[in-house]
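Residue-level structural notes
Listed here are the chains, written in short residue letters.
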Amino acid sequence: MDKNNTDKTEKLLATAQNLRWQVGENFHESLMESIYSDAARIADRAVKVDDVKKKYDWDVKIDKLVTSRTFGFPLMFLLLAAVFWITVEGANVPSGLLASLLVDFLHPVLKDFMLSFSPEWVAGFLIDGAYLSMAWVIAVMLPPMAIFFPVFTLLEDFGYLPRVAFNMDNLFRRAGAHGKQALTMSMGFGCNAAGVVATRVIDSPRERLIAIITNNFSLCNGRWPTQILIASIFIGAALPAHIAGLVSAGAVVFIAVLGILLSLVVSYGLSKTILKGEASAFSLELPPYRPPKIWQTLYTSLIDRTIFVLWRAIVFAIPAGMAIWLSANVMIDGTSIAEHFISWSNPMGLLLGLNGVILLAYIIAIPANEIVIPTVLMLTVLTAGNPELGAGTGVMFELESQSAMAEIFRMGGWTALTGINLMLFSLLHNPCSTTIYTIYKETGSVKWSVIATVLPLIMGLVVCFFTAQLWMLFAN
Amino acid sequence: MSDPLISLILGFIIVSALMAFFFPDKGLLAIWRRSAKDSKKEALEDALKHVYDCEYNSLSCTIRSIAGHLHTNMDKAAEVSARLESMGLITSNNQKLYLTDEGRSYALRIIRVHRLWEHYLADHSSVKETEWHSEAEIVEHTMTIEEADSLAAKMGNPLIDPHGDPIPTAGLELPELGGVHLNELEKGDIGRIIHLEDEPQAVFSQLIAMGLHNGMQIHIIDKRTDRIIFEANGEENILAPTLAANITVKKIEDQSEILDDFTPLSSLQVGETGIVKGISRALRGQQRRRLMDLGVVPGSKITPELVSRAGNPVAYRIRGASVALRKQHSDLIFVEKGE
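Nothing here was measured: the structure is a model prediction, and the numbers come from that model.

About the thresholds
- Along every chain, residues carry numbers that run from 1 in the direction the sequence is written.
- As a convention, the first chain written is A and the first ligand written is 1, with the rest following in written order.
- Reporting of local features is limited, given that this is a predicted model, to residues whose pLDDT is at least 70; pairs of side-chain atoms are given and counted only at 80 or more, and all residues count toward the totals for whole chains, interfaces and linings.
- Hydrogen atoms and water are omitted, and side-chain values are computed over all heavy atoms in the structure.
- Per the convention used, a helix needs a DSSP run of H or I reaching at least four residues, while a strand needs a run of E reaching at least two, with both numbered from the N terminus.
- Between buried and exposed lies partly exposed: a residue is buried under 20% and exposed over 50% of the maximum accessible area for its type, with that area taken using a 1.4 Å probe on protein chains only.
- In these tables, accessible area is a Shrake-Rupley quantity obtained with a 1.4 Å probe, and a residue counts as shielded only by the protein chains included in the view.
- For the charge count, each Lys or Arg is scored as positive and each Asp or Glu as negative, with His and the chain ends excluded.
- For the purpose of locating charges, the reference atoms are NZ of Lys, CZ of Arg, CG of Asp and CD of Glu.
- Working rule for contacts: check all heavy atoms of both residues, and any pair within 4.5 Å makes them a contact.
- The definition of a nonpolar core used throughout is a set of buried Ala, Val, Leu, Ile, Met, Phe, Trp, Tyr and Cys residues joined through side-chain atoms within 4.5 Å.
- Between any two strands, at least two bridges found by DSSP are needed for them to pair.
- Only one rule defines a salt bridge in this text: a Lys or Arg side-chain nitrogen within 4 Å of an Asp or Glu carboxyl oxygen.
- In short, buried area is how much 1.4 Å probe accessible area vanishes from two parts on joining, totalled over both.
- Helix axes are fitted to C-alpha atoms over the stretch in contact, other axes to C-alpha atoms as well, and angles between N-to-C directions run from 0 to 180 degrees.
- Throughout, the term roughly parallel applies to angles under 35 degrees, roughly antiparallel to angles over 145, roughly perpendicular to angles from 65 to 115, and oblique to all others.
- Crossings are sorted by hand: turned counterclockwise from the far helix by less than a right angle, the near helix makes the crossing left-handed, and turned clockwise it makes it right-handed.
- Lys, Arg, Asp and Glu make up the charged group, whereas Ala, Val, Leu, Ile, Met, Phe, Trp, Tyr, Cys and Pro make up the nonpolar group; the residues left over, Gly among them, are polar.
- Two rings from Phe, Tyr or Trp (for Trp, the six-membered ring) form a pair when their centres sit within 6.5 Å of each other. Planes less than 30 degrees apart are called stacked, planes more than 60 degrees apart edge-to-face, and all others tilted.
- Where each domain starts and ends follows an automatic or database-derived domain assignment.
- For cavity detection a 1 Å grid was placed over the protein atoms alone, and a set of points counts as a cavity when a 1.4 Å probe fits there but cannot get out; an open set counts as a pocket when protein lies on both sides within 12 Å along at least five of seven lines, with lining residues being those that have an atom within 4 Å of a point.
- Grid points are joined across faces, edges and corners, and a volume is the space filled by probe spheres set on the points.
- To obtain the arc, one takes the directions from the helix axis to the C-beta atoms.

**A few points about the overall build of chain A**
If you tally the helices and strands in chain A, you get 19 helices and three strands. Referenced to the eigenvectors of the C-alpha coordinate spread, the extents of chain A come out at roughly 85 × 70 × 55 Å. Counting across all 476 residues of chain A, residues that qualify as buried make up 49%. A total of about 23,000 Å² of accessible surface is found on chain A, and carbon and sulfur atoms cover 69% of it. Taken together, the 31 basic and 34 acidic charged side chains of chain A have centroids lying 12 Å from each other.

Structure below.
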């Protein structure tokens, strides 16, 4: 009986195999063709099309404008600049409010509360370390994201962003990438983690990986303040007052443009080497324009993007805050771990035109670029032996006055080269841990996460080294 | 601190040394990894494949032909064939080598892996067609037949590889393909390419460079002793008969299958309307499926609607949606101009 059955199965399989050869390889396509033609016939009979011509005319007019040779690119730059301007201007006030509430007001209150019943190190570890780091990340990250993402999503909803991808595709095609990478790159200017999530719109595997790996070259929201601060202290201050602002702004823009250029170059390199064989397919749908649904957009962009990214950042900021506090407070032979590391890594830092403090800050402040400068300040006053200038050992701080911060940097032995290289290194270093984790979640691959992490770091080290050595060669 | 000039030179040397070592594909590490494979096993398997090819093409196989195939000397080739014989994979009779049953199924297993991998590269990667064969030559020695079977199942058990060769089934049967060589067609005949021989590489590269690929419609315009002039998808080509023997075609008897218009979609101007006639077989895998999903199937109306600022891509209206396509793809979609 059993044998009989197997015989039958085998016979059946053989017949099926035979038939497959007779119908050929293309029968899937013939099937699809006939489904389409049947569907079209039924639709023609059953569906009445109202006169939609008028609405469609509008679409054509807008399309002609946004893809026109004269107005296409200026319009795009203007709109994107407006989005950034709204973000920066709009975020100032709420960021200040949040900082004064969470850092200036709540931090001492919580510290006193903890001190009332627990030993000093517990209060320091939990409040100066974990809480402060979390509060800092919320205060600097939340407002810009809560403005940038909804505005960006509104443009997307209206139907404008696919046209940007359409216009930019020629450039990105030459770099081996997808036109929609222009969008994920712009999103990266707000936040790299969000930019990486946004690559989901790229439906071709190879181009999506390229967009993920190169997103870090978009100078994110957490790095703009660092760039602006360092540029105005180390580049602007060296110049006469009336051009100082312009030149330091120019330097920041130069770094951002350098990031865009590098992302194109790296895209090209990736598509020609390690990503050569990944599957690739291109198509880009241009949806009709429609009035954006404002409330829905606000809700989804706040929940899906802002809260999502902020939550991941907080999860990483808390342990990092603890590590930062411990590094400055755990002593070995009377000196803190941080100082041990700094004096050990300082020669290497100097070789790169940076210093040990900056290297350590980039290691322990990995959860968010926003807390790099506060960490640098804390470590600088710690190693200079003047912790009274700051807010206490292991407590991150920032000062109101730029000249006071410049004073601290000079005390740490910073030169113009340190400033320039910090700007370069801030562009070219590993993504923050939030972004790395997001890359891992999106690609599901350790390999690509490691490449996305290590590649910009190596580029940064190489660029900083050569800049520093050339500088020293010509400055002497 | 050390002298910056020395540091610069040292830094430059270190960076270039690291690049030379780690560079993808061309770096020392990549070269070393490629050469570290089991070269003995490879020689055996390549020789076995050669004996199989001889049998398939009804040619006689000798130690000399193995030496030629493996690019090695007679001693090495003799060593390899002696080893194959001791493994019971081949027998020799009067200087000629024959496969045993066991040897035949071993060879078919290698061929199955090779052709499946070519199919995988063609449909599920963007590796260039000139590299399919050489990549598969490496993979055929490392992939096990179980891995190949699960790969085949994932791809829906494909029947033929991208060159048009039949893929041995899981039961190691190799279906007959049929068809005739291009130089056997007569003037005026119409056929479809079903196979492009991928060896020797130089000839294959030349055929690819002419834009030939499987599924193309061939129309013989003129045939002389020294050359064959034919139209492939509407474009005129000239080939020497020896090269034409690397192309296998199947004559088209059914008139309704013959396509007479090969206007590429990319040649339509904004406002003109075309009816899709077909998608060239050169568009494969994901890109082909994507186009069909979007409604680019024979019979669909398609109209260029919007040209991007740089002229590429162009947005087309297909079945009520606006979809941008790059020129490299719209070149391979054939339409008939309407209205």
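Read on for the rest.
**Structural notes on the overall build of chain B**
Of regular secondary structure, chain B possesses twelve helices and 14 strands. Taking the principal axes of its C-alpha atoms as reference, chain B extends roughly 80 × 70 × 45 Å. Counting over 339 residues, chain B shows a buried share of 44%. Long-range contacts, defined as pairs at least 24 residues apart, comprise 61% of the intrachain contacts of chain B with a sequence gap of at least 6. Of the roughly 17,000 Å² that chain B leaves accessible, carbon and sulfur atoms contribute 54%. In chain B, which carries 37 positive and 49 negative side-chain charges, the distance between the mean positions of the two groups comes to 4 Å.

**A closer look at the nonpolar core**
Counting 120 residues, the largest nonpolar core has I230, L354, L379, F409 and W414 of chain A as its most contacted members. W414 of chain A has contacts with I230, F234, N355, I358, V376, F409 and L422 of chain A, leaving out every residue within four places of it along the chain.

**Re the sheet that holds strand β1 (residues 284-285) of chain A**
Taken together, seven strands build an open sheet; the order of strands is β1(A)-β13(B)-β12(B)-β11(B)-β10(B)-β14(B)-β9(B) and the sheet is antiparallel. Every other strand in the sheet has two partners, leaving β1 of chain A together with β9 (263-264) of chain B as the edge strands with one partner each. Pairing analysis gives five bridges linking strand β11 (residues 301-307) of chain B to strand β12 (residues 314-318) of chain B, with the strands arranged antiparallel. Bridging across to β12 of chain B, I302 of chain B finds its partner in I318 of chain B.

**Focus on the pattern of salt bridges**
Taken as a whole and assessed by the stated rule, the structure comprises 21 salt bridges over all chains. Here E45 of chain B ties to K41 of chain B by a salt bridge, and the two come within 3.8 Å at their closest N and O atoms. Taken together, the residues span about one helical turn, with E45 of chain B and K41 of chain B both in helix α3 (residues 39-56) at a distance of four residues. Residue K41 of chain B is classed as partly exposed on the basis of its relative accessible area, which comes to 34%. Residues K251 of chain B and D189 of chain B are paired through a salt bridge, measuring 3.5 Å at the closest nitrogen-oxygen approach. Residue K251 of chain B is located in strand β8 (residues 247-251), and its partner D189 of chain B is located in the loop between β3 (180-181) and β4 (190-196); the two are separated by 62 residues in the primary sequence. D189 of chain B gets classed as buried once you look at its relative accessible area, which sits at 16%. Taken together, the salt bridges that share partners define one network made up of R200, R208 and E442 of chain A.

**Digging into the interface of chain B and chain A**
At the interface, 56 residues of chain B touch 49 residues of chain A. Here chain B and chain A share an interface that buries about 4,800 Å² over both sides, 60% of which is from carbon and sulfur atoms. Interface area lost by chain B to chain A is led by L159, R309 and R326 of chain B, which between them contribute 18%. Viewed at the interface, chain A and chain B are joined by two salt bridges. Residue assignment for the side of chain B that touches chain A shows that the elements contributing at least two residues are α1 (4-22), α6 (101-124), α11 (285-293), β11, β12, β13 (321-325) and α12 (327-330) of chain B. It is α1 of chain B that provides the largest number of residues to the side of chain B that touches chain A, a total of seven residues.

**With respect to the packing of α3 of chain B against helix α4 (residues 63-70) of chain B**
The relative placement of two packed helices comes down to the angle between their axes together with the axis-to-axis distance. Residues and elements named next belong to chain B. Relative to each other, α3 and α4 sit at 120°, their axes nearing to 10 Å. Judged on the interaxial angle alone, α4 and α3 are oblique. Between α3 and α4 the crossing geometry is right-handed. Residue-level contacts link A43, D46, A47, H50 and V51 of α3 to S65, I66, H69 and L70 of α4. Residues belonging to the contact of α3 with α4 are distributed by class as follows: five nonpolar, three polar and one charged.

**Some details on the packing of aromatic side chains**
All names here are of chain A. Inspection of every chain in the model, using the stated rule, returns 18 aromatic pairs over all chains. Look at F84 and F148: their rings are 5.6 Å apart centre to centre, the planes differ by 15°, and that puts the pair in the stacked class. One end of the pair, F84, is in helix α4 (residues 72-115); the other, F148, is in helix α5 (residues 120-158), with 64 residues separating them in the sequence. Residue class for F148 comes out buried when judged on its relative accessible area of 3%. Seen in terms of ring centroids, F148 and F152 are 5.3 Å apart; in terms of plane orientation they differ by 20°. Their pairing is stacked. A residue pair is termed a helical-turn pair when its members lie 3 or 4 positions apart in one helix, as F148 and F152 do in helix α5 at four residues.

**Some details on the domain arrangement of chain B**
Its domain assignment divides chain B into domain 1 (4-35), domain 2 (39-99), domain 3 (180-257) and domain 4 (263-338). For domain 1 of chain B and domain 3 of chain B, the distance between their C-alpha centroids amounts to 46 Å.

**Some words on empty space enclosed by the protein**
Over the atoms a probe the size of a water molecule is rolled, and this reveals where empty space is left. Residue and element names in this part refer to chain A. According to the stated counting rule, one finds five cavities of 30 Å³ or more in the structure shown. Of the volumes computed, that of the largest cavity is approximately 80 Å³. Around the largest cavity, the lining comprises 13 residues; the ones closest to its centre are M141, C191, C220, E370 and C432. Looking at the lining of the largest cavity residue by residue, the classes come out as six nonpolar, six polar and one charged. Lining the second largest cavity are Y362, A365, I366, A368, N369, V372, H429, N430, P431 and C432. Its residues placed into classes, the lining of the second largest cavity shows seven nonpolar, three polar and no charged.

**Things to note about the sheet that holds β3 of chain B**
Strand-to-strand pairing in sheets goes through backbone hydrogen bonds, with the strands running parallel or antiparallel. Residue and element names in this part refer to chain B. What the six strands build is an open sheet, ordered β3-β8-β4-β5-β6-β7; its pairing is antiparallel. Every other strand in the sheet has two partners, leaving β3 and β7 (235-239) as the edge strands with one partner each. The pairing of β3 with β8 spans two bridges and is antiparallel. Note that in β8 the partner of H181 across the bridge is T248.

**Here's the deal with the environment of M216 of chain B**
All names here are of chain B. Position of M216 among the secondary structure elements: in the loop between α9 (201-209) and β5 (217-223). Overall, M216 belongs to the buried group, its relative accessible area being 7%. For the pair formed by M216 and N233, sequence separation is 17 residues and the distance between their alpha carbons is 5.9 Å. The residues contacting M216, other than those within four sequence positions of it, are G191, R192, I193, G211, A232 and N233.

**Quick notes on α9 of chain B**
All names here are of chain B. Residues of α9 that are buried: V203, F204, L207 and I208. Across the axial projection of α9, the buried residues extend over an arc of 140°, all falling on one side. In α9, those exposed residues whose orientation departs by more than 90 degrees from the buried face are A202 and A209. Downstream of α9 by one or two residues, G211 has phi in the positive range, about 85°.

**What to know about the environment of I260 of chain A**
All names here are of chain A. If you trace the backbone, I260 turns up in helix α11 (residues 241-272). You can call I260 partly exposed: its relative accessible area is 29%. Put simply, I260 and L12 are 248 residues apart on the chain and 59 Å apart in space, counted from C-alpha to C-alpha. Once you skip the residues sitting within four places of it in the chain, I260 turns out to touch M185, F189 and F217.

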